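So the chains spell out like this:
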Amino acid sequence: MHKSSSRIDGVSAAAAAAGISRRRRVDGSLASTSSSPPPTTSADASPTIDAVDWTSLPDDTVVQLFSLLNHRDRASLASTCRAWRALSASPCLWRSLDLLSHQRIAPASAASLSARCAHLRRLRLRGPASTAAAVALRASGLLEISVDSCRSLTDAALSVVAARHERLQCLQIGPEPCDRVTPDAVRAVALCCSDLRRLRLSGVRDLDAGALSALAEQCRSLSEVGFFDCPSFEGPALSSVVSLRFISVSGARGIKWGPAVQAWSKLPNLLAVDVSRTDVTAGAVSRLMSSSSSPNLKAVVAINCPVLEDEGGLASSSCRGKVLLTVFSDVLKGISSLSSVDTKNPKNDRDPFRCWRLSPSVADRTVDDVLNWLEWVLSYSLLKIAESNPQGLDEFWLKQGAALLLSLMGSSQEEVQERAATGIAMFVVIDDDSAIVDSRRAEAVMREGGVRKLLDLARSPREGIQTEAAKAIANLSVNAKVAKTVAEEGGIWILADMARSMNRLVAEEVAGGLWNLSVGEEHKGAIAEAGGVKALVDLIFKWPYGGDGVLERAAGALANLAADDKCSMEVALAGGVHALVMLARSCKCEGVQEQAARALANLAAHGDSNSNNAAVGREAGALEALVQLTCSLHEGVRQEAAGALWNLSFDDKNREAIAAAGGVEALVALAQTCTNASQGLQERAAGALWGLSVSEANSIAIGREGGVAPLIALARSDSEDVHETAAGALWNLAFNPGNALRIVEGGGVPALVHLCSSSASKMARFMAALALAYMFDGRMDEVALIGSSSEGSSKTVNLDGAKRMALKHIQAFVHAFLDPQTFSLTAASSAPASLAHVAEFARIQEAGHLRCSGAEIGRFVAMIRNPSPILRACAVFALLQFTIAGGRHAMHHAGLLQTAGAARVLRAAAAAATAPTEAKMFAKVVLRNLEHHQLESSL
């Protein structure tokens, strides 16, 4: 029996948005900016280069090479020989250790590194066990510790860290709130770490005067404090810390601004204050900016302070060399004015930090200290603002925010680079739930040269920076214009190379970038050419467990790529069928299941153009897994699994294997429960039943399982896609007399009549008419005498009335494809031009994708002899559609008609005096079509 047309399911808007990254958790340039790798010179044109003996490199060169690698790559390189192993332990390589790219590092793992950490001075860690890992390193000489994602940190753990590292000069914990840390732990830090110069803590509860006084008494060199997002904070108590040069209370609450500002203005060394994201008032800021307060003060940062902004801000953003940075001031120009940069040059204003970095150094380091601090606090606040996405900041982001974040990306401080890249990834997403990227913000980043800067940053040896840069590229690439720029700048090649990273977080963001880029048809080939297909498949095998984010994004990218015929073959050749089936079978994450099923659907959607459909069916457990996924509690999983089964049912062996795996029962149950579901799920459920019902055995099974009723309900859908697939399924089912009666008994005739007369889809109207023709061509009559059920009982229906209604609308449908202007002229003519005109006017383009079996063609031939002139005309009209030149299966249908001896029947119909005029005209067209195909096959 006939098949439904093949579908290639491209990525939907939701699927594309699913590739958007949210926050979880150097420099270099390409030789070529094209989307292809740099051209290679032929062997004839270039001199022969002898093989390099890497082991003969000087020791200092090897050490320099090691310094450019992360600790994992260092370990791999050190394993090559004893000499390099010894060099890898050089103290200069172990002064700084960055483990932020690892969300969890166990104390046992840290202990294994302790032998090399005697000279360690700087440490960055992430995760709940990070403080224990810091202690396990036994690096008592540490000067700086930075801990991220440590919400569960307790007083006891922080106190132990302080006690084991008495030489600490910098302690930073955040940005996640330390809501289990109390002032007692701050006092312990003050007592143990008297050399402390910088203290940055986030979310500490009840930060009281006692803790701040302990810092003043014990830490006489403390020059910077940052108490971020603290729920309560006694600001005036900082007046006792007379060594302070920098104060940041960004996001803090409960500050009494009058007393606090009065106390801070007496600090003799104060250079800058950050009150961003607080309820600071215009009066408090004005007092800080006044000439009598804080004579050394250079800058006040007050970004996103609602009370200050509602009060209209200040009359001036500068006062006797003091600069105020707010959303209503020119932040970029204000930063430029703090340095010796030429503020009259507009280019300098757009990237003030870069201009400062490139300017000649001066003996007075105060300006450098202020600008380094500004980089840090601005990157922190801008990221927090981007995360919360408050209303009313569009103008700020478009005019200043994007440029400011891009300028911060060039910082020498790695954490500033990281946060700036994350900020770009975040601020372009304006609706986290719907994952909507603001096109104006994304294109603002592009106009400021952000794509090139992010791609350069992505090539950093630091995995944390790679992760955040890739995340920003991924989110920006949702915008088609930015995606084009990414490709033109060589970004696809960079991402494909990064996909081979051994770091899961890097790989996850890179896979997300390739997922979003693969939405564009113009980028699919470039991704395959860059080796992206193989890299994505390898990711699935590399992280089969515990990496759901990687797996979902890799499978999503492969699903988009598989929608392209050529790329689908690349996916199969790279082992993608096995990888995706493995995910469908074993992964429990619904997002991964959904994308794996979508990818398998797209692999199977190319019909006869490649062998992927059969290959998926041959993969062990593939069909069983997809049948099982139709029972998922997640609608998206059910939808994509049904879509995959629909496409796979085009293959004869797959169709029967799906039925053997319980596909009929599962899909009927799905159709019965999806009447209130999304149109996508309804379409695929009906489509899968349509595909299975090509087999008469499956068609009968669907009828017996109760599949008729839900298909009738879906045929009443307002969605063209849904009622078209439902009509196709009902057409197949109606071939069987028992099912035909079930359709009549279930109220299917009015539903099909409505489609036949009212649907905007010609295909839906066509298939509804054919279903009605099957039901009333006389074969159902015998079954109607005993009923459709096995018990022999039948509902009472008025078959005569139903038949009259059906025939009336079949006739109206066929007449709709007759050109009234030339009807009388062509009725008596067999001229080729006249017949061509009839065929062109009657043609339903999509019907050329339908493929009928010999039994079905034979039934239409038999219908030409039916006593009903309406059914005779309908049968010939159907054969016209199936044989018209250019149809995908026209040659196949012509062969079946020749085998059935249809030419004689058609000639009789064309010559019959009593035949309807339309039947005679259509018969002549079919005869002409058969002659055309016969001639074509003989050439």
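Residues numbered from 1 in each chain as written. Predicted model: local features only at pLDDT ≥ 70, side-chain atom pairs only at ≥ 80, totals over all residues. Heavy atoms only, no water.

In the annotation of an unreviewed UniProt entry, the chain is listed under the name Protein ARABIDILLO 1 and assigned to Acorus calamus.

Novice: Hey, could you run me through the confidence of the model for the chain in this one?
Specialist: Close inspection of predicted coordinates is inappropriate for parts of the model with low pLDDT. Residues at a pLDDT of 70 or more form 89% of the chain, whose mean pLDDT is 88. Note that pLDDT drops below 50 for residues 1-19; the model gives that stretch 72 contacts with residues more than four away or on any other chain. Taken as a whole, residues 21-49 scores under 50 in pLDDT and shows 65 contacts with residues more than four places along the chain or in a different chain. (pLDDT = per-residue confidence, 0-100. Contact = heavy atoms within 4.5 Å.)

Novice: Where do I start with the packing of helix H39 (residues 720-734) against helix H40 (residues 737-745) in this structure?
Specialist: Two numbers describe a pair of packed helices, the interaxial angle and the distance between the axes. Relative orientation of the contacting elements H39 and H40 amounts to 130 degrees, with a least axis distance of 7 Å. In terms of orientation, H39 and H40 fall into the oblique class. In this structure, H39 uses Leu730, Leu733 and Ala734 to contact H40, whose residues at the interface are Asn739, Ala740 and Ile743. (Axes fitted to C-alpha atoms, helices over the stretch in contact; angles between N-to-C directions. Helix = DSSP H or I, 4+ residues; strand = E, 2+ residues; numbered from the N terminus. Parallel < 35°, antiparallel > 145°, perpendicular 65-115°, else oblique.)

Novice: For this particular structure, what's the right way to read the side chain of aspartate 351?
Specialist: Turning to its location among the elements, aspartate 351 is positioned in the loop between helix H14 (346-350) and helix H15 (352-358). A polar contact is formed between the side chain of aspartate 351 and the side chain of serine 407, at a distance of 2.5 Å. What aspartate 351 contacts, discounting residues up to four positions off in sequence, is Ser407 and Lys453. (Polar contact = N/O pair within 3.5 Å; in protein donor to acceptor, adjacent residues only side chain to side chain.)

Novice: Looking at this model, I keep getting lost on the packing of helix H47 (residues 854-863) against helix H49 (residues 890-899). Mind explaining?
Specialist: In contact at an axis separation of 10 Å, H47 and H49 are set at 60 degrees when each is read in the N-to-C sense. Put simply, H47 runs oblique to H49. Once H47 is placed against H49, the crossing between them reads as right-handed. On the side of H47, the interface is formed by Gly854, Ile857 and Val861, while H49 contributes His893, Leu896 and Leu897. (Left-handed = near helix turned anticlockwise from the far one by under 90°.)

Novice: Can you walk me through the pattern of salt bridges in this structure?
Specialist: Side chains that carry opposite charge are capable of pairing whenever their charged atoms lie near each other. As enumerated under the stated definition, the model contains 32 salt bridges in all. Arginine 124 is paired through a salt bridge with aspartate 98; the nearest N and O atoms lie 3.3 Å apart. Of this pair, arginine 124 sits in strand E2 (residues 122-126) while aspartate 98 sits in strand E1 (residues 96-98), placing them 26 residues apart in sequence. The burial state of arginine 124 is the same as that of aspartate 98; both residues are buried. Linking arginine 553 and glutamate 508 is a salt bridge whose minimum nitrogen-to-oxygen distance equals 3.7 Å. Taken together, the residues span a long stretch of sequence, with arginine 553 in helix H27 (residues 548-562) and glutamate 508 in helix H24 (residues 504-517) at a distance of 45 residues. Given the relative accessible area of 6%, glutamate 508 is considered buried. (Salt bridge = Lys/Arg side-chain N within 4 Å of Asp/Glu carboxyl O. Buried < 20%, exposed > 50% of the residue type's maximum accessible area, 1.4 Å probe, protein only.)

Novice: Looking at this structure, how should I read the packing of aromatic side chains?
Specialist: Each aromatic ring pair is specified by the distance between its two centres and by the angle formed by the two planes. A full pass over the atoms with the stated rule returns 22 aromatic pairs. Ring geometry for phenylalanine 817 versus phenylalanine 877: centroids 5.2 Å apart, planes at 50 degrees, classification tilted. Remark: phenylalanine 877 occurs in helix H48 (residues 869-883) and phenylalanine 817 occurs in the loop between helix H44 (799-815) and helix H45 (823-827); sequence separation between them is 60 residues. There is no split in this pair, since phenylalanine 817 and phenylalanine 877 are both buried. Positioned above the aromatic ring of tryptophan 376, the side-chain terminus of arginine 200 is 3.9 Å from the ring centre. Above the plane of the ring of tyrosine 774 lies arginine 859, whose end atom (NZ or CZ) is 4.5 Å from the centre. (Phe/Tyr/Trp six-rings, centres within 6.5 Å; stacked < 30°, edge-to-face > 60°. Lys NZ or Arg CZ within 6 Å of the ring centre and 35° of its normal.)

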